[in-house]
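# Coordinates in review
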Amino acid sequence: MGKPTVLVIDDEKDLLELVRYNLEKEHFEVLTSPDSTKGLEIAQRQHPDLLILDLMMPGVGGLDICRQLRGDNATAKIPILMLTAKAAEADRVIGLEMGADDYLTKPFSPRELVARVRAILRRSSGEQPAAQVVRRGDLVIDTLRHEVKFAGKPIALTATEFRILEFLASRPGRVLSRDQIIDAALGQTAAVIDRTIDVHITSLRKKLGTGGAKIETVRGFGYKFRDDASEEAVSM
C-alpha cells in the first residue's frame, strides 16, 4: 500500500515547509502550493487522500476552495483539515458548515498536526469490523462502499457526516449525547466546540431533505435517530 498523499495549500511558505517536513518524516507523500488557485487545480487533478487548507488566503480563499470541492462529486469526499489564525468560534463554524472535517488554529504543534491528520485519514478510510448495509426506511447506508441513498437518490456526504449518520442510524431510538457522537464519529483528537456536532447535523438534515426529519433533537442532551419498526440493519 502506498503512502497517503496530503496536499497543503497555504500562502505562508515557511508554514508549508514546516508541515511538509513533519508529515514526510511520518511517511506521508506531501504536495504543497502557496497559490490557492493552483492548489485547487492540484486537488481537482490528483485527488489527494487529505487536504490541509488555510482559511484566509489572497485570491481564492479557503472557504471558496472547500465549497468548490464539496460541490463536485469527484472531489466531494476528500477529507479537509482547515487551518485558521482566527480563534473566534464563528470562523470555525463557517469552516465546518462549508464541509471541513476538522480544523487547527494557528499556531499549532507539529505533533498535534500529525495526530489530526492520522485521525482524519483513519476515519475516512472506512475501516469497519464487517461490511454492513443499514436500512432505515427510504435511507440506505452502505458502509463498505461509503454510499448513502435516500429514496433511491445518492446523497454526497463528507467523511465526518457519513460517520455521524451511520452512528446514529445504527442505534435507532437511542438518545446519544454530543460527547458520544464526537467520540464515536470524530475521535478524541477532533477539535470540539459547542456547535461542532450541531453544524454537522444541520448539514446532514439539509442534504437528506425530507429524510432529515429522522434525526431528532433531544433538547439539553443530544440527538436520536427515529425508531421505526419496519426498518432494519443488515450485515453483509
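Residues numbered from 1 in each chain as written. Predicted model: local features only at pLDDT ≥ 70, side-chain atom pairs only at ≥ 80, totals over all residues. Heavy atoms only, no water.

## Quick notes on the overall build of the chain
Counting secondary structure elements, the chain contains eight helices and 13 strands. The 236 residues of the chain split such that 48% are buried. Of all intrachain contacts in the chain linking residues separated by at least 6 positions in sequence, the fraction that spans at least 24 positions is 60%. As displayed, the chain has an accessible area near 11500 Å², and 49% of this comes from carbon and sulfur atoms. (Helix = DSSP H or I, 4+ residues; strand = E, 2+ residues; numbered from the N terminus. Buried < 20%, exposed > 50% of the residue type's maximum accessible area, 1.4 Å probe, protein only. Contact = heavy atoms within 4.5 Å. Areas by Shrake-Rupley, 256 points an atom, 1.4 Å probe, with all protein chains shown as cover.)

## As for the sheet that holds strand β11 (residues 215–218)
The antiparallel open sheet is built from three strands, whose spatial order is β10-β12-β11. With partners counted over all chains shown, the strands left at the sheet margins are β10 (176–177) and β11, one partner each. Against the sheet, helix α6 (residues 159–169) touches β10, β11 and β12 (222–225), its axis set at about 65° to β12. Sitting on the sheet, helix α8 (residues 196–208) is in contact with β11 and β12, with an inclination near 150° to β11. (Pairing = 2+ DSSP bridges. Axes fitted to C-alpha atoms, helices over the stretch in contact; angles between N-to-C directions.)

## Observations regarding the nonpolar core
Ranked by size, the top nonpolar core spans 24 residues in total, and within it Leu-165, Leu-168, Ile-181 and Ile-215 carry the most contacts. The set of elements that each furnish at least two residues to this core consists of β7 (139–142), β8 (147–150), α6, α7 (178–186), α8 and β12. Counting residues per element, this core draws most heavily on α6, at six residues. Of all hydrophobic cores here, the second largest spans 19 residues; its members include Leu-50, Val-117, Ile-120 and Leu-121. (Core = buried A, V, L, I, M, F, W, Y, C linked by side-chain atoms within 4.5 Å.)

## Some thoughts on the pattern of salt bridges
This model, assessed by the stated rule, comprises 13 salt bridges. We note a salt bridge from Lys-106 to Asp-10, for which the minimum N-O separation is 3.0 Å. Pair noted here: Lys-106 is in the loop between β5 (102–105) and α5 (110–124) and Asp-10 is in the loop between β1 (5–9) and α1 (13–25), with a separation of 96 residues, a long-range link. Two residues, Arg-67 and Asp-64, come together in a salt bridge whose shortest N-O distance is 2.8 Å. Placement of both Arg-67 and Asp-64 in helix α3 (residues 62–70) is noted, with a separation of three residues, approximately one turn of the helix. Counted as one network, the salt bridges with shared partners bring together Asp-10, Glu-12, Asp-54 and Lys-106. (Salt bridge = Lys/Arg side-chain N within 4 Å of Asp/Glu carboxyl O.)

## Points about the confidence of the model for the chain
Looking at the chain as a whole, its pLDDT mean stands at 84, while 86% of the residues score no less than 70. Ranking the helices and strands of the chain by mean pLDDT puts β1 first, with 97, and strand β13 (residues 232–235) last, with 46. Under a pLDDT of 50 for its full length, residues 127–131 has, in the predicted model, seven contacts with residues more than four places off or in other chains. Every residue in residues 230–236 is under pLDDT 50, and counting partners more than four places away or in other chains gives 21 contacts. (pLDDT = per-residue confidence, 0-100.)

## Remarks on the packing of α1 against α5
For the pair α1 and α5, interaxial distance at closest approach is 10 Å and the crossing angle is 60°. Relative to α5, the element α1 is oriented oblique. Note on packing geometry: the crossing formed by α1 with α5 is right-handed. Facing α1, whose interface residues are Val-19, Asn-22 and Leu-23, α5 presents Pro-110, Leu-113, Val-114 and Val-117. (Parallel < 35°, antiparallel > 145°, perpendicular 65-115°, else oblique. Left-handed = near helix turned anticlockwise from the far one by under 90°.)

## Topic: α1
The end-to-end C-alpha separation of α1 is 18 Å, in line with the 18 Å expected for 13 residues at 1.5 Å each. Listed in full, the buried residues belonging to α1 are Leu-15, Leu-16, Val-19, Asn-22 and Leu-23. Down the axis of α1, the smallest arc covering the buried residues is 145°, so these residues share one side. Seen from the open side of α1, the exposed residues pointing more than 90 degrees away from its buried face are Lys-13, Asp-14 and Tyr-21. Structurally, α1 contributes buried residues whose contacts are with β1, β2 (29–33), β3 (50–54), β4 (80–84) and α5. His-27, located one to two residues past α1, shows a positive phi value of around 70°. (Expected span 1.5 Å × (residues − 1). Arc of directions from axis to C-beta.)

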